[in-house]
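Structural features, examined
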Amino acid sequence: MSFPFTRLRRLRQSPKIRDWVSETTLAPKNLIYPLFIRPGKNVRKPIASMPGQYQISVDRAVKEAKECKKLGIAAVILFGIPSKKDERGSEAFAEDGIIQKAIRSIKAKVPSLTVIADLCFCEYTSHGHCGIVQGKEVDNDATLDLIARTALAQARAGADVIAPSGMMDGMVKALRSALDRGGFKDTLIMAYSAKYASAFYGPFRDAAESPPKFGDRKSYQMDFRNAKEALREISQDLDEGADIVMVKPALAYLDVIRGVKDRFNVPVAAYNVSGEYAMVKAAAKAGWVDGEKIALEILTAIRRAGADFVLTYHAKDIAKILGR
Ligand code: PBG
């Protein structure tokens, strides 16, 4: 049927009709809010490159968790800034490490909020790489033992979900076996499966104080020229026991998100990363774009591409808008 019998504008004639036929939803339960936890009490230190985001102490993190719960946000994901760094990133797996403390406090005060523990070493190591360094390389297999230890410490502290982000081969298997042996068969794994070596992480490395002291992450994170390789990464992580898989960053990788969603029948998360956030904030501050509208459009586009969840620094602001 063609014009004039078909008029596609009929479906766009009013807000009521447009809402009725809209294909994509964006709700607070689709959003995951990242928190940066540092030692101390009542600390709330602004992150210059991420306006509106802060490094906070555990007591403040509990307040944030309560607010997220009230706003209907699905979960928080925790990143730690330890008091001291060393070669092995020992505070990542210490029983009283910063993240373990934060998990315990949040689970004690807001038990119904899903708490995700990011599992990586770059914030904890003196060299800033995501594992054990031998010479100038990150030693994959030596890192797996530490990943397993860290996952157990996080699970014992009460994490609902462990999110390994180091892009080591076999990390999901190492983690799943350790969790199962430790009696944590119901602890979920959300794997950063297709994580690209990306310049969009710049502001995060300020926030988490985690830039590598030498070299880059290109021998473990993916090359941004590749999309098919992402499907191999995802399929491997699913075979190893991942429950939820992630594509990261999001905005420049919508094709990858779509490819993963079409191919695998599993929950897919996408990380709307620090650089994506900082660009919106900077342009909005300059008065060049409407920050709220742009954020809504971006997050909806990430959902439209196939992401079930979006990790985003916009989470609280957007949840407030969606709740109005
Ligand atoms: C650590 C990690 C990074 C991000 C999340 N976990 C940075 C990196 O790999 O250098 C980036 C998140 C963001 O930019 O918002 N492995």
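For the structure, check the block above.
A brief look at the structure comes next.

The next point concerns the overall build of the protein. Looking only at helices and strands, the protein has 11 helices and 12 strands in total. In terms of C-alpha radius of gyration, the protein reaches 20 Å, essentially the compact-globule figure of 20 Å for 324 residues. Projecting the C-alpha coordinates of the protein onto the three principal axes gives extents of approximately 70 × 45 × 40 Å. Expressed as a percentage of the 324 residues in the protein, the buried residues total 53%. Carbon and sulfur atoms form 52% of the exposed surface of the protein, whose accessible area is close to 15400 Å².

Looking now at the site of the ligand. The environment of the ligand is made up of 17 residues, and the closest members are K195, R205, K248, S274 and Y313. Within the contact set of the ligand, a nitrogen atom lies 2.7 Å away from a side-chain nitrogen or oxygen of K195. Within the side chain of K248, an N or O atom sits 3.3 Å from a nitrogen atom of the ligand. Burial of the ligand by the protein chains amounts to 100% of its free accessible area of 390 Å². By residue class, the composition of the shell around the ligand is 10 nonpolar, three polar and four charged.

This part takes up the environment of A207. By secondary structure assignment, the location of A207 is in helix α6 (residues 202-207). Between the C-alpha atoms of A207 and M50, which are 157 residues apart in sequence, the distance is 7.9 Å. Look past the residues within four positions of A207 in its chain and what remains in contact with it is F36, I47, M50, Q55 and I81.

Once that is clear, we can look at the pairing of strand β5 (residues 114-119). Burial analysis of β5 places five of its six residues in the buried class, the great majority of the element. Across four bridges, strand β4 (residues 75-80) lies against β5 in parallel orientation. Considered in β5, the bridge of A75 is made with T114. Tracing the backbone out of β4, into helix α3 (residues 98-109) and back to the parallel element β5 gives a crossover that is right-handed.

This part takes up the packing of α3 against helix α4 (residues 140-157). A pair of packed helices is captured by two measures, namely the crossing angle of their axes and the spacing between those axes. At their nearest, the axes of α3 and α4 sit 8 Å apart, and the two run at 25 degrees to each other. Judged by the angle between their axes, α3 and α4 are roughly parallel. Remark: the crossing between α3 and α4 carries right-handed chirality. Here I99, Q100, I103 and R104 of α3 lie close against α4, whose contacting residues are A153, Q154 and A157.

Cut-offs applied
Residues numbered from 1 in each chain as written. Predicted model: local features only at pLDDT ≥ 70, side-chain atom pairs only at ≥ 80, totals over all residues. Heavy atoms only, no water. Helix = DSSP H or I, 4+ residues; strand = E, 2+ residues; numbered from the N terminus. Rg over C-alpha atoms; globule rule 2.2 N^0.38 Å. Buried < 20%, exposed > 50% of the residue type's maximum accessible area, 1.4 Å probe, protein only. Areas by Shrake-Rupley, 256 points an atom, 1.4 Å probe, with all protein chains shown as cover. Near = heavy atom within 4 Å. Polar contact = N/O pair within 3.5 Å; in protein donor to acceptor, adjacent residues only side chain to side chain. Nonpolar A, V, L, I, M, F, W, Y, C, P; charged D, E, K, R; others polar. Contact = heavy atoms within 4.5 Å. Pairing = 2+ DSSP bridges. Right-handed = clockwise from strand over helix to strand, strands pointing away. Axes fitted to C-alpha atoms, helices over the stretch in contact; angles between N-to-C directions. Parallel < 35°, antiparallel > 145°, perpendicular 65-115°, else oblique. Left-handed = near helix turned anticlockwise from the far one by under 90°.

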